[in-house]
Amino acid sequence: LDPFPSCSSSCRSFPPFVQPPPLAISTLKNLEQICTMKLCSVLVLLSVLSLAESFTLPALHSSISSSSPSSSMSVSFPRRRDSTPLWRMSADDNKPKRVAIIGSGLAGLALAIALEKLPTGVETVKIFERTGQLRPNVGGGLQINGAVSVLSRLGLESELSSTGNRAKLIRSRKADGSALLEVDIPKLFQSTAASRAALMQGNDARQLGIMRDALQAILYRNIPEGTSVEFGKAVDSIAVGSSPSLPSTLRFADGSTEQFDLVVGCDGLKSKVREEIVGVEKPFYSGIKIQFGVGERRPDGGLRKEADTDQVHQWFGEGGYAFTATYGGVDGKKYDQIALISEEPVPAAENENYEEADRRAELIAGLERSGMPADLLLMPEQCQRFFDVGVYFHNPLVPWVKGNLVLAGDAAHAMPPFLGQGANQAVQDAYCLAEAIAAIGSSHPDLSAALRSYQNQRQPPTTRIMLNSWLIGKLETQAGPGAEFRNGVFSVLGKLGIAKQVFLDGALPKV
């Protein structure tokens, strides 16, 4: 089975100096076969993958990480007015002066902040968002670690810490309550000099649970005062400059046009910028669906016990697993979330806009089928909103750059959520891209070289994390004998410390 049927041969390969590990390529191209292999082969594959990462990652790094869309609207979120650059320098003529960011998600907003905080020489930044506003109470909770480390460099750690819910422990169990593995997060983050520097804030681990809309609001408040944000502004087409030094023209659905020296596609799963770079693609359905339930914690409690709010819990059952955690939200509120990740042969909608539906009964029925404990079956009764997400595979081995167009976040590498790294990697993309632009005139002679450096630095680690997440998701949703084997695998990985190292590797920022 070819997972990239719509991709030409030219977009399947890297230049020789950034070739991903052969294991990564073969794993991708044989994904469906892996799912039907003998279960012992899955264990061997995971073990070899973990070992291969240890040897290939340093080499890779050394050589190379709603309103109508036709009407423009504004919103009244407060914006910080004391935003001061961390460095000041005169603009270099080779640096882009006008930058368009397509999409006001996490990658787009983080990029706007980084472009101002780092010495990029950018004079004008405009963010174009196709929806009519930043919507509150949309989406679920995020576990962020590497993103906290990177955003702390931009002066946001205090706001993140005061809003997020700090997690200290990960507990994985079988549905009957038998322990599989535990991860003491502060202890793990203190285990190496690199992780202590990047992932510890004093005695506290930089591991926060935060609602997506709360993180988006923090980023929006901190974009520079001069940055323009236009809502209800959908890109209709892009005319790429005939050379990277010539501006590209954006044509919007309302008929207006604007030219920019650099266009950054942070426009998510259905990216217009990616379509211009790569062409029309068809994502590959994974056979896995995730059902979410979210409930606000009240003074008298919430879905979870108070003693569990600094812990992330997993229960592995028949054909899937349940996940519960607590997250900080807007206005100091706290939320509990339950998610059921399970096999679903009928393709489920990707639901990139997190559209809600009353799925309470369906979530309860899914938990029952997976044999989850009684206290988990009660949680959906207290949830206020529900949404489902079908998990799809988007080819990460495509070009991210075309002329002065470049991709970041989900537009570049939409990730299966099984390692919780989507938001973390999107923020790292933003910072890395701003760093590359800042280095024009020193490390990079021009914009083309800077964009190549950005892709070379970010594509290998995000592809590797995506592969790990994909394989883990397949293993975690096994049924029958596969479920028993999965439980044994996680028990062994926990005792050997491999599970901790996989988690730590994902958490450590690569920029």
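Check the entry above for the structure.
Residues numbered from 1 in each chain as written. Predicted model: local features only at pLDDT ≥ 70, side-chain atom pairs only at ≥ 80, totals over all residues. Heavy atoms only, no water.

**Quick look at helix H14 (residues 422-438)**
Next, step 1: For H14, with 17 residues, the first-to-last C-alpha span of 25 Å sits near the 24 Å given by 1.5 Å per residue.
Next, step 2: The element H14 is largely enclosed, with a buried count of 15 among its 17 residues. (Helix = DSSP H or I, 4+ residues; strand = E, 2+ residues; numbered from the N terminus. Expected span 1.5 Å × (residues − 1). Buried < 20%, exposed > 50% of the residue type's maximum accessible area, 1.4 Å probe, protein only.)

**Some words on the pairing of strand E1 (residues 98-102)**
Next, step 1: For E1, the buried fraction is high: 4 of the 5 residues fall into the buried class.
Next, step 2: Relative to strand E2 (residues 124-129), E1 runs parallel, the two being bridged by 5 bridges. Bridge pairing links Ile 102 to Phe 128 in E2.
Next, step 3: Once the chain exits E1 it traverses helix H4 (residues 106-117) before rejoining the sheet at E2, and the crossover so formed is right-handed.
Next, step 4: Inspection of the sheet shows E1 paired to strand E14 (residues 262-265) by 4 bridges, in the parallel sense. When the sheet's bridge partners are listed, Ile 101 is paired in E14 with Val 264. (Pairing = 2+ DSSP bridges. Right-handed = clockwise from strand over helix to strand, strands pointing away.)

**Notes on the sheet that holds strand E12 (residues 248-252)**
Next, step 1: As summarised here, the arrangement of the 3 strands in space is E11-E12-E13, forming an open sheet in which the pairing is antiparallel. If you trace the sheet from one side to the other, it starts and ends with strand E11 (235-239) and strand E13 (257-260), each paired once. With direction set aside, neighbouring strand axes in the sheet form an average angle of 25 degrees. (Axes fitted to C-alpha atoms, helices over the stretch in contact; angles between N-to-C directions.)

**Overview of the sheet that holds E1**
Next, step 1: Here 6 strands make up an open sheet; going across it, the order is E10-E2-E1-E14-E21-E20 and the pairing mixed. Both edges of this open sheet fall to strand E10 (228-231) and strand E20 (401-402), since each of them pairs with a single strand only.
Next, step 2: Relative to the sheet, helix H15 (residues 447-476) contacts E14, E20 and strand E21 (405-407), its axis offset from that of E21 by approximately 15 degrees. (Contact = heavy atoms within 4.5 Å.)

**Points about the packing of aromatic side chains**
Next, step 1: Per the stated rule, a full pass over the model turns up 10 aromatic pairs.
Next, step 2: Ring centres of Tyr 220 and Phe 231 lie 6.5 Å apart, and the angle between their planes is 45 degrees; on these two criteria the pair is classed as tilted. Of this pair, Tyr 220 sits in helix H9 (residues 212-221) while Phe 231 is found in strand E10, placing the two residues 11 residues apart along the sequence. This pair shows no difference in class: Tyr 220 is buried, exactly as Phe 231 is. (Phe/Tyr/Trp six-rings, centres within 6.5 Å; stacked < 30°, edge-to-face > 60°.)

**What to know about the pattern of salt bridges**
Next, step 1: Within the structure shown, the criterion is met by 16 salt bridges.
Next, step 2: With a shortest N-O distance of 3.0 Å, Arg 297 and Glu 306 are connected by a salt bridge.
Next, step 3: Between Arg 297 and Asp 336 there is a salt bridge, with its nearest N and O atoms 2.6 Å apart. Of this pair, Arg 297 sits in the loop between strand E15 (284-296) and strand E16 (311-317) while Asp 336 is found in strand E18 (residues 334-343), placing the two residues 39 residues apart along the sequence. For the pair Arg 297 and Asp 336, a shared accessibility class is recorded, and that class is buried. (Salt bridge = Lys/Arg side-chain N within 4 Å of Asp/Glu carboxyl O.)

**Let's talk about H15**
What sets the pattern is the α-helix's 3.6 residues per turn: residues three or four places apart point alike.
Next, step 1: When the terminal C-alpha atoms of H15 are compared, their 42 Å separation across 30 residues agrees well with the 44 Å that a helix rising 1.5 Å per residue should span.
Next, step 2: Its axis deflected by about 30 degrees at Gln 459, H15 carries its strongest bend there, up to four residues before the proline Pro 460.
Next, step 3: Sitting at the amino-terminal end of H15 is Asp 446, which places a side-chain oxygen 3.3 Å from the backbone nitrogen of Ser 448. (Bend = angle between axes of the 7 residues up to and from the residue. Polar contact = N/O pair within 3.5 Å; in protein donor to acceptor, adjacent residues only side chain to side chain.)

In short, shape yes, function no, at least from these values alone.
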